[in-house]
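One-letter residues, chain by chain:
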Amino acid sequence: MNRFKTAVLLTTLTLIMVALGSAIGGRGGMYFAFIMACAMNLFSYWFSDKIVLRMYGAQEITEAENPAFYGMIRRLAMQGGLPMPRVYIIPSESPNAFATGRNPDHAAVAATEGILRILTPEEMEGVMAHELSHVANRDILISSIAATIAGAISMLANMVQWAAIFGGRRDDEEGGGWGGLALAIIAPIAAMLIQLAVSRSREYLADESGARLCGKPRSLANALRKLDQASRALPMEEARPATAHMFIVNPLSAGMLMQLFSTHPPMEERIARLEQMGH
């Protein structure tokens, strides 16, 4: 269901882009915006792992430095049929974790010092199974596709608005006038909401896949409950909204994002689904 929902949301984004393209002169404008958005997001897709890891000061570790944590990830990767990812520790007391990398062969998982302190080994295993599921499900690629289409929609919307200001197409032309201007205002908002919905759908899928990978859905549910409470009490100061979607729980303080604009599903729903799997 989550995979189907993602496909529907990406299709909706594409249809919005096509509608905006017709509003500024047909396929030419649509192709131009799409190519520009691809160029901008291609760099992010190939180098996002290095950028994000450096942003949070993550330090790569070896098995000799932390044999228990490293060995846990190795065992989960083997169970999931994945190559061994690079393993990082983030020097932060705020408990959290994320995965990054453009594909399973170029993946990395990172955990904060805080999460290693507050979770039991079983709970930590559930968290890392969740992160490895993001790698297996190629969620970085899917997020990049959603960002590319949403970026193209924003560019097209700006082009329509400028065309309306400087004359543009006449009101009696298809897609022109006030109708095109209204579409240019509404479309970027709709695209952003759909992009966030894609992120929430992938989190549900990673919860389910991760619980099946480690075989301990209740341990993952307990971990999420602990992380939700701890991250609210101690949000990650260095966290940025642009990378918040990568973490297993929202690293920002609760007041910074409304639920509608959250990159993560409601925690109560995530925990309830996992506990139902445990039954």
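Residues numbered from 1 in each chain as written. Predicted model: local features only at pLDDT ≥ 70, side-chain atom pairs only at ≥ 80, totals over all residues. Heavy atoms only, no water.

### A look at the overall build of the protein chain
Check the secondary structure of the protein chain and you find nine helices and four strands. Traced from its N-terminal end to its C-terminal end, the protein chain shows the element sequence α-α-β-α-β-β-β-α-α-α-α-α-α. Looking at the protein chain as a whole, 49% of its 279 residues qualify as buried. Taking all contacts inside the protein chain whose residues are at least 6 apart in sequence as the whole, residues at least 24 apart take part in 71%. Carbon and sulfur atoms make up 62% of the accessible area of the protein chain, which amounts to about 13,500 Å² in all. (Helix = DSSP H or I, 4+ residues; strand = E, 2+ residues; numbered from the N terminus. Buried < 20%, exposed > 50% of the residue type's maximum accessible area, 1.4 Å probe, protein only. Contact = heavy atoms within 4.5 Å. Areas by Shrake-Rupley, 256 points an atom, 1.4 Å probe, with all protein chains shown as cover.)

### A few points about helix α5 (residues 121-136)
The first and last C-alpha atoms of α5 sit 22 Å apart over 16 residues, in line with the 22 Å expected at 1.5 Å per residue. Summarising burial for α5: 13 of the 16 residues are buried, a large majority. Looking one or two places after α5, you find Arg-138, whose phi comes out positive at around 55°. (Expected span 1.5 Å × (residues − 1).)

### Quick look at the pairing of strand β3 (residues 97-100)
Of the two faces of β3, both are covered, the one formed by Ala-97 and Ala-99 as well as the one formed by Phe-98 and Thr-100. Summarising the sheet, β3 and strand β4 (residues 108-112) pair through four bridges and their orientation is antiparallel. By the bridge assignment for β4, Thr-100 is matched with Ala-108. (Pairing = 2+ DSSP bridges.)

### Points about the packing of aromatic side chains
This structure, assessed with the given rule, holds three aromatic pairs. Here the aromatic rings of Tyr-56 and Phe-247 are separated by 5.3 Å at their centres, their planes lie at 85°, and the arrangement is edge-to-face. One end of the pair, Tyr-56, is in the loop between α2 (27-55) and β1 (59-60); the other, Phe-247, is in the loop between α8 (217-233) and α9 (267-278), with 191 residues separating them in the sequence. Here Phe-247 falls in the buried class, since its relative accessible area comes to 0%. For the pair Phe-98 and Phe-247, a centre-to-centre distance of 5.0 Å together with 75° between the ring planes defines the contact as edge-to-face. Placement of Phe-98 in strand β3 and of Phe-247 in the loop between α8 and α9 is noted, with a sequence separation of 149 residues between them. Judged by its relative accessible area of 0%, Phe-98 is buried. By way of ring pairs, the aromatic residues Tyr-56, Phe-98 and Phe-247 are connected into one cluster. Against the face of Tyr-204 rests Arg-273, its NZ or CZ located 3.7 Å from the ring centre. (Phe/Tyr/Trp six-rings, centres within 6.5 Å; stacked < 30°, edge-to-face > 60°. Lys NZ or Arg CZ within 6 Å of the ring centre and 35° of its normal.)

### Some details on the sheet that holds β1
A sheet is described by the order of its strands in space; here four strands give the open sequence β1-β2-β4-β3, paired in mixed fashion. Looking at the sheet topology across the chains shown, the edges are occupied by β1 and β3. The strands touched by helix α3 (residues 67-79) are β2 (86-90) and β4; relative to β2, the strand with the most contacts, the crossing angle is about 135°. Strand contacts of α5: β3 and β4, with the helix running at about 25° to β3, the strand carrying the most contacts. (Axes fitted to C-alpha atoms, helices over the stretch in contact; angles between N-to-C directions.)

### What to know about the pattern of salt bridges
Taken as a whole and judged by the stated rule, the model has 12 salt bridges. The salt bridge involving Glu-63 is made with Arg-74; its shortest N-O contact spans 3.1 Å. Taken together, the residues span a long stretch of sequence, with Glu-63 in the loop between β1 and α3 and Arg-74 in helix α3 at a distance of 11 residues. Judged by relative accessible area, Arg-74 falls into the partly exposed class, the value being 33%. (Salt bridge = Lys/Arg side-chain N within 4 Å of Asp/Glu carboxyl O.)

### What to know about the environment of Leu-119
Tracing the backbone shows Leu-119 in the loop between α4 (113-118) and α5. Considered as a pair, Leu-119 and Leu-227 are 108 residues apart in the sequence and their alpha carbons are 8.6 Å apart. Residues contacting Leu-119, with those up to four places away along its chain left out, are Met-124, Val-127, Ala-223, Lys-226 and Leu-227.

### Some words on the confidence of the model for the protein chain
Here the protein chain shows a mean pLDDT of 82. Residues at 70 or above account for 81%. Within the model, the stretch residues 169-175 combines pLDDT values under 50 with 15 contacts to residues more than four positions away or in other chains. (pLDDT = per-residue confidence, 0-100.)

### Here's the deal with the nonpolar core
Grouped together as the largest cluster of nonpolar side chains are 36 residues, with contacts concentrated most on Phe-69, Leu-76, Ile-115, Met-124, Val-127, Met-128 and Leu-224. Among the elements of the structure, α3, β2, β3, β4, α5, α7 (177-214), α8 and α9 are those that each provide at least two residues to this core. Those residues in contact with Val-127 that sit more than four places away from it in its chain are Ala-97, Ile-115, Leu-119, Leu-220, Ala-223, Leu-227 and Ile-248. Grouped together as the second largest cluster of nonpolar side chains are 21 residues, Leu-13, Ala-146, Ile-153 and Ala-187 included. (Core = buried A, V, L, I, M, F, W, Y, C linked by side-chain atoms within 4.5 Å.)

### Let's talk about the pairing of β2
Counting buried positions over the five residues of β2 gives four, a clear majority of the element. Pairing geometry for β1 and β2, over two bridges, is antiparallel. Paired with Glu-60 across the two strands is Tyr-88, which belongs to β2. One ladder, built from five bridges, connects β2 with β4; its direction is parallel.

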